[in-house]
Amino acid sequence: MIEVSGLRKRYGDTVALDGFDLATPAGSVCGLLGPNGAGKTTAVRVLATLLRPDSGTARVGGFDVVRQADRVRELIGLTGQFAAVDDALTGAENLRLIARLLELPRMQARRRVAEVLDRFGLADAAGRPVRTYSGGMRRRLDVAASLLGRPQVLFLDEPTTGLDPRSRADVWELVRGLVADGTTVLLTTQYLEEADRLADSVCVVDHGRVVRTGTPSQLKAQIGGHTLSVRPADPARIPDVVAVLGDAAVTSDGLVSVALSGGSDAAAVLAEAAAELRRAEVAVDELGVRLASLDEVFLALTGQFTAKEVIA
Amino acid sequence: MSPIRTLRHGGALAWRNLVKFRHTPDQLLDITLMPITFVLMFVFLFGNAVSGDWHAYLQFVIPGIAVQALMFATLGSAISLNSDIRTGVYDRLRSLPIARSAPLIGHILGDTVKYALAIVLVFGIGAALGFRVHNGLSGVAAAALLMLVFALAVCWIATLIGVVARAAETVQALSLVLVFPLTFGSNVFVPTGKLPGWLQAWVKINPVTQVSDALRALLLGTPAGPAVTRTLLWSAAIVAVFAPLAVMAYRRASR
Ligand SMILES: Nc1ncnc2c1ncn2[C@@H]1O[C@H](COP(=O)(O)OP(=O)(O)OP(=O)(O)O)[C@@H](O)[C@H]1O
Ligand SMILES: [Mg+2]
């Protein structure tokens, strides 16, 4: 549904996109994950026909975003990174405007606006100017506006930034519902949990290109590998634990952890660590191996963290 | 995109401007407070000094102040266009299957209503103070038409400013820099003959002088001279220069 190849875009000396590739099948959620300035918003703007790339091609629903921009616009909905609702209008008026621009028949428009307001929990506030909305309500209205026309492809640029956990879960729920109806979603996010929960495939973006693609669990297994953590019963023994495990990180609550390189056998590592700790006569409260979190994957891929070699 | 659909989209966006206006009628205050202050200040403070009699001055100054109000109203619309482009609203609009020109058309159509209100208010206050029309309905109709033409020309300058300015403050500053020399350097407040000699050359060619003279002629039945023709020529010239520039800048802003 979304096919991107070799996109490049520069702003003066800044290279925003540097050979960006992407392929998202219909009816799936692709999460773009990357640090600030990685080029996520730029990629979304190109796909939403707002920005012309310097080179490379991008197709949405089979249509070229530059040469067939009008066709692409028939298919897409966009929630940009920055609010696109009119403060001076009420929530309902904002949606009614979109409905009029989409040329929905009057009755159908009225029904659709009411339905969407209801689904986003904005029915009570529908008659109030958006100026009086909280940040979360405003964001929900923004997302609501982008799917009023039942787009086949939905772009969400950081849809839940600034939302409380409850509203965030609501938006996730809505996105899942849309995907169940066959909508293709491309979302960018700063929240790894969001990508983990929502995305069928995650593309880690850094310096204007996709550095790794996979399902969340593939990424965790491939890059993050496993983490071994130990909590000594007596915090005073932490240095001894570190001596045993080697290059380890210590959290403030006394948990010592080491990232294991990919492919290591969790059971063997665990057994070996247990044996070593007993030899050193360290009493342990907690000992375990778990898959790295997407956070650790993210940090590892974007060079802000390097997975350490396994001990022993 | 067919012209009918383009108009429909422009109409929807004009509707938005009007709804906004209904929610925040104080916008009207923004564009009329200045002219009203000017009416009162000039008529009662300087009226006797300029014309020897404030009633006579009122007849002279009201058409000119209407032109000034029109310019403020036009440039005021640059601010709303600018804020659309600076915020995500414009991105959303451009991601929709609507005509490229629809947002511009919407602003211009929607704001025409504001211009009309601003003008009606100035003449209303004038009438309350004793301003009288002496040229019948056809004169009033011709004057209204001429103001519309002039406003639709100036709105291209406003559009250019609205598109290129980086912030609302810039829009405001540019607007003032534009409006004050044009209105004070004209015969809106003081007849050309009473202005300092060095200024008169500019005052005589100033489009604001031409519109004001044309309006006085059409409303008061005084001889029009070449003022109406010159207003139309000026309007055409402004459109010829600023419309392509504005459209070009607008296209670039939408890349
Ligand atoms: N209009 C612009 N002019 C100049 N540079 C720009 C412009 N837009 C983006 N950039 C630059 O391009 C790079 C990519 O920006 P982009 O907004 O795509 O990043 P992002 O991944 O969305 O970041 P964030 O997570 O902070 O939203 C950045 O270095 C940014 O400074
Ligand atoms: Mg961004």
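Residues numbered from 1 in each chain as written. Chains lettered and ligands numbered in written order. Predicted model: local features only at pLDDT ≥ 70, side-chain atom pairs only at ≥ 80, totals over all residues. Heavy atoms only, no water.

> Explain the sheet that holds strand 8 (residues 184-189) of chain A here, please?
Where strands meet in a sheet, backbone hydrogen bonds hold them as pairs that are either parallel or antiparallel. Residue and element names in this part refer to chain A. Ordered by their spatial adjacency, six strands build an open sheet running 6-7-8-3-9-10, and the pairing between neighbours is mixed. Across the chains shown, the open sheet's two edge strands, defined by having one partner strand only, are strand 6 (76-79) and strand 10 (209-214). For this sheet the average axis-to-axis angle between neighbouring strands, irrespective of direction, equals 15°. In the sheet, strand 3 (residues 29-33) pairs with strand 8 via five bridges, with the strands oriented parallel. (Pairing = 2+ DSSP bridges. Helix = DSSP H or I, 4+ residues; strand = E, 2+ residues; numbered from the N terminus. Axes fitted to C-alpha atoms, helices over the stretch in contact; angles between N-to-C directions.)

> What is the right way to read the site of ligand 1 from this model?
Residue and element names in this part refer to chain A. What surrounds ligand 1 is a group of 14 residues, the closest being Gly37, Lys40, Thr41, Thr42 and Gln190. Within the contact set of ligand 1, an oxygen atom lies 2.9 Å away from a side-chain nitrogen or oxygen of asparagine 36. Between glycine 39 and ligand 1, the recorded distance is 2.9 Å, taken from a backbone N or O atom to an oxygen atom. About the coverage of ligand 1: the protein hides 63% of its 640 Å² of free accessible area. Sorting the residues of the shell around ligand 1 by element identifies strand 2 (14-24) and helix 1 (40-47) as the ones contributing at least two each. Per-element tally for the shell around ligand 1: the top contributor is helix 1, with three residues. Grouping the constituent residues of the shell around ligand 1 by class yields four nonpolar, eight polar and two charged. (Near = heavy atom within 4 Å. Polar contact = N/O pair within 3.5 Å; in protein donor to acceptor, adjacent residues only side chain to side chain. Areas by Shrake-Rupley, 256 points an atom, 1.4 Å probe, with all protein chains shown as cover. Nonpolar A, V, L, I, M, F, W, Y, C, P; charged D, E, K, R; others polar.)

> Where do I start with the sheet that holds strand 12 (residues 249-250) of chain A in this structure?
Residue and element names in this part refer to chain A. Read from one edge to the other, the open sheet built from four strands follows the order 12-13-11-14, with strand pairing classed as antiparallel. Two strands close off the open sheet at either side, each with one partner strand: strand 12 and strand 14 (284-291). In this sheet, strand 13 (residues 256-259) lies alongside strand 11 (residues 226-232) in antiparallel orientation, the contact comprising four bridges. In the sheet register, serine 229 faces strand 13, and the bridge partner there is serine 257. Strands strand 11 and strand 14 of the sheet are contacted by helix 10 (residues 266-279), whose axis makes an angle of about 160° with strand 14. (Contact = heavy atoms within 4.5 Å.)

> I would appreciate a short explanation of the nonpolar core in the present structure.
Within soluble globular proteins, side chains that are nonpolar tend to cluster in buried spots. Core analysis: the biggest nonpolar cluster contains 67 residues, and Tyr57(B), Ile65(B), Phe123(B), Phe150(B) and Phe189(B) have the highest contact counts within it. For this core, the secondary-structure elements that each account for two or more residues are helix 2 (26-51), helix 3 (54-86), helix 5 (102-129), helix 6 (136-164), helix 7 (168-184), helix 9 (207-220) and helix 10 (227-253) of chain B. With 17 residues, the top contributor of residues to this core is helix 3 of chain B. With residues near it in sequence (within four places) discarded, Ile65(B) still touches Pro35(B), Phe38(B), Val39(B), Val122(B), Val188(B) and Phe189(B). One finds Val29(A), Val130(A), Ala144(A) and Ala199(A) within the second-largest nonpolar core, a separate group that totals 53 residues. (Core = buried A, V, L, I, M, F, W, Y, C linked by side-chain atoms within 4.5 Å. Buried < 20%, exposed > 50% of the residue type's maximum accessible area, 1.4 Å probe, protein only.)

Fair warning: the whole summary comes from geometry, so function is off the table for now.
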